[in-house]
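Descriptive structure summary
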Amino acid sequence: MGMTVVARELDSEQLASLLADPSIANDLILDEDEDEDEDEDGSDGWLDLDKAWHGVHFLLTGAAWGTDNPLGGAVLGGREVGEDDGYGPPRLLEPDIVREVAEALGVVTDAELRARFDPEEMQRLDIYPQIWEESDILDEYLLPNVQQLRDFYVRAAAHDAAVLIVVQ
């Protein structure tokens, strides 16, 4: 199975519930059936980066773990909330941070991401899941996941939503 990253939008009621009771974080992130209906924009409020999450983070930041800027916050940012269910507790990005991340993702270009793609460095830094030397991994796996991430944050920002992220 391996480590994957999933995220979901939280509306103001869900955010208020989470802030009042952080112990519900894992229930919120693991209950994908709750929001099966799509919004008018075609989204269902969920993001699944599969195992591409660490490679996507590297492309955005040029680092294995840093989150010092909004691009770093897109995958590994936010503050810990709730209980650790294996690979760290869920992380919460409140609506103002979601807007910052969406803006940063909107200006980073695919050309910049291509320039950061360095399979040897990714192997050296132990960027999960160690598949970076496969042919077409950038075009067929990483860049499409970056686009999903962009779309997710743009929608979340438009909805004035918070985002809850977990590595599972």
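Source: prediction; values computed, not measured.

What counts, and at which threshold
Residues numbered from 1 in each chain as written. Predicted model: local features only at pLDDT ≥ 70, side-chain atom pairs only at ≥ 80, totals over all residues. Heavy atoms only, no water. Helix = DSSP H or I, 4+ residues; strand = E, 2+ residues; numbered from the N terminus. Contact = heavy atoms within 4.5 Å. Areas by Shrake-Rupley, 256 points an atom, 1.4 Å probe, with all protein chains shown as cover. Axes fitted to C-alpha atoms, helices over the stretch in contact; angles between N-to-C directions. Parallel < 35°, antiparallel > 145°, perpendicular 65-115°, else oblique. Left-handed = near helix turned anticlockwise from the far one by under 90°. Nonpolar A, V, L, I, M, F, W, Y, C, P; charged D, E, K, R; others polar. Salt bridge = Lys/Arg side-chain N within 4 Å of Asp/Glu carboxyl O. Buried < 20%, exposed > 50% of the residue type's maximum accessible area, 1.4 Å probe, protein only.

Comments concerning the overall build of the chain
Each helix and strand counted, the chain has eight helices and five strands in total. Element order for the chain, N to C, with α for helix and β for strand: β-α-α-β-α-α-β-β-α-α-α-α-β. Within the chain, contacts between residues at least 6 apart in sequence are counted, and of these 69% link residues at least 24 apart. For the chain, the computed accessible surface area is about 8400 Å², with 45% contributed by carbon and sulfur atoms.

A closer look at the packing of helix α5 (residues 95–107) against helix α8 (residues 137–158)
When two helices pack together, you describe them by how their axes are tilted relative to each other and by the distance separating the axes. Relative orientation of the contacting elements α5 and α8 amounts to 140 degrees, with a least axis distance of 8 Å. Between α5 and α8, the angle is such that the two are oblique. In terms of crossing hand, the pair formed by α5 and α8 is left-handed. Judged by residue contacts, Val98, Arg99, Val101, Ala102 and Leu105 of α5 engage Leu149, Arg150, Tyr153, Val154, Ala156 and Ala157 from α8. Across the contact of α5 with α8, the residue classes tally to nine nonpolar, no polar and two charged.

Overview of the pattern of salt bridges
Between side chains of opposite charge, a pair can form as their charged atoms come close. The tally for this structure, following the rule as stated, stands at six salt bridges. A salt bridge links Arg91 to Glu80; the nearest nitrogen and oxygen atoms lie 3.4 Å apart. Placement of the pair is Arg91 in strand β4 (residues 91–93) and Glu80 in strand β3 (residues 79–80), with a sequence separation of eleven residues. According to the relative accessible area criterion, Glu80 is exposed, its value standing at 54%. The salt bridge involving Asp160 is made with Arg99; its shortest N-O contact spans 2.6 Å. Taken together, the residues Asp160 in the loop between α8 and β5 (162–167) and Arg99 in helix α5 connect sequence positions 61 residues apart.

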